[in-house]
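# Structural overview for review
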Amino acid sequence: LHEKRASVLDIDFDSEGSKKDLIIENLRKKYGGYNYVTKVQTISTAKSKKALQIAMRALGYTSEEGVYVASFIQAERGILYTLTQTYYGDPENNILPNKEFVNLMDNKYPEVWKIAQKIEGLPVGCGSHAGGVILSTKPLQSNSSFVMSST
């Protein structure tokens, strides 16, 4: 480890995608099974658009309405603005409030606004990292916290 990079050591290698499961299975055979070799779990969270769509669906609106309302959320360089940035703005990042969005939330969908704010950031799904595998010298337990966040 290096003081400027105090993270766990890793090994990177490339392999044919169709052989990935075979490689992981061989690692398990060699290093003690599932309790020593496991894939990395990813957890996805509700971003602003998804939070709005979930809130809309929960309140009985159509998915088309959810898509419409979510279309007011802008992105910069592939990164979505948060609900707070869209509604209130963010002077620090030169983001102005979206007046159309504010009007829509205040006048047509106030309940959606309340609920979506509570949903944003919550876990909404999990999966398996495309290439992340953990090899441990000690048995991994179900309460181990080897988690990489997903965007």
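Refer to the structure above for everything that follows.
The following refers to the structure shown. Because the structure is predicted, anything quoted here is derived from the model rather than measured. (Residues numbered from 1 in each chain as written. Predicted model: local features only at pLDDT ≥ 70, side-chain atom pairs only at ≥ 80, totals over all residues. Heavy atoms only, no water.)

### Describing the overall build of the protein chain
- Scanning the protein chain for helices and strands turns up six helices and five strands.
- Going residue by residue from the N terminus, the α and β elements of the protein chain occur as α-β-α-α-β-β-α-α-α-β-β.
- Within the protein chain, buried positions represent 26% of all 151 residues.
- Surface summary for the protein chain: the accessible area is close to 11000 Å², and the carbon and sulfur share equals 53%. (Helix = DSSP H or I, 4+ residues; strand = E, 2+ residues; numbered from the N terminus. Buried < 20%, exposed > 50% of the residue type's maximum accessible area, 1.4 Å probe, protein only. Areas by Shrake-Rupley, 256 points an atom, 1.4 Å probe, with all protein chains shown as cover.)

### Focus on the nonpolar core
- Grouped together as the largest cluster of nonpolar side chains are 20 residues, with contacts concentrated most on Leu52, Val69, Leu83, Phe101, Met105 and Tyr109.
- Breaking this core down by element, the ones donating at least two residues are helix H2 (48-58), helix H4 (83-88), helix H5 (99-107) and helix H6 (110-119).
- In terms of residues, this core owes the most to one element, H2, which gives five residues.
- With near-sequence residues (within four places) excluded, Val69 lies in contact with Leu52, Met56, Phe101, Leu104, Met105 and Tyr109. (Core = buried A, V, L, I, M, F, W, Y, C linked by side-chain atoms within 4.5 Å. Contact = heavy atoms within 4.5 Å.)

### Thoughts on the packing of aromatic side chains
- Tallied over the entire structure, the rule returns six aromatic pairs.
- Centre to centre, the rings of Tyr87 and Tyr88 are 4.6 Å apart; their planes meet at 70 degrees, and the pair counts as edge-to-face.
- Three or more aromatic residues joined by ring pairs make a cluster, and in this case those are Tyr87, Tyr88, Phe101 and Trp113.
- Note that Lys30 overlies the ring of Tyr31, its terminal NZ or CZ placed 5.8 Å from the centroid. (Phe/Tyr/Trp six-rings, centres within 6.5 Å; stacked < 30°, edge-to-face > 60°. Lys NZ or Arg CZ within 6 Å of the ring centre and 35° of its normal.)

### Some remarks on H2
- Those residues of H2 not exposed but buried are Ser48, Ala51, Leu52, Ile54, Ala55 and Met56.
- Buried residues along H2 sit in contact with helix H3 (63-70), strand S3 (79-80), H4, H5, H6 and strand S4 (123-135).
- Immediately beyond the C-terminal end of H2, within one or two residues, lies Gly60, with a positive phi of roughly 90 degrees.

### Quick notes on H3
- Three or more residues of H3 are buried, namely Gly66, Val69 and Ala70. In an axial view of H3, the angular spread of the buried residues amounts to 95 degrees, which keeps them on one side of the axis.
- The secondary structure elements touched by the buried residues of H3 are H2 and H5. (Arc of directions from axis to C-beta.)

### Let's talk about the side chain of Ser48
- Counting through the fold element by element, Ser48 comes out in helix H2.
- A relative accessible area of 1% places Ser48 in the buried class.
- Here Ser48 is in contact with Ile73, Leu80, Tyr81, Thr82, Leu83 and Glu120, once residues within four sequence places are set aside.

### Observations regarding the packing of H2 against H3
- The geometry of H2 relative to H3 is characterised by a closest axis approach of 9 Å and an angle of 150 degrees between their N-to-C directions. As for how H2 packs across H3, the hand of that crossing is right-handed. Contact residues: H2 offers Lys49, Leu52, Gln53 and Met56, while H3 offers Glu65, Gly66, Val67, Val69 and Ala70.
- Its residues assigned to classes, the contact of H2 with H3 shows five nonpolar, two polar and two charged. (Axes fitted to C-alpha atoms, helices over the stretch in contact; angles between N-to-C directions. Left-handed = near helix turned anticlockwise from the far one by under 90°. Nonpolar A, V, L, I, M, F, W, Y, C, P; charged D, E, K, R; others polar.)

### A short note on the pattern of salt bridges
- Counted by the stated rule, this structure contains two salt bridges.
- Here Glu111 ties to Lys114 by a salt bridge, and the two come within 3.4 Å at their closest N and O atoms. Pair noted here: Glu111 and Lys114 are both in helix H6, with a separation of three residues, about one helical turn.
- By relative accessible area, Glu111 is classed as partly exposed at 42%. (Salt bridge = Lys/Arg side-chain N within 4 Å of Asp/Glu carboxyl O.)

These figures come from the coordinates and say nothing about function on their own.
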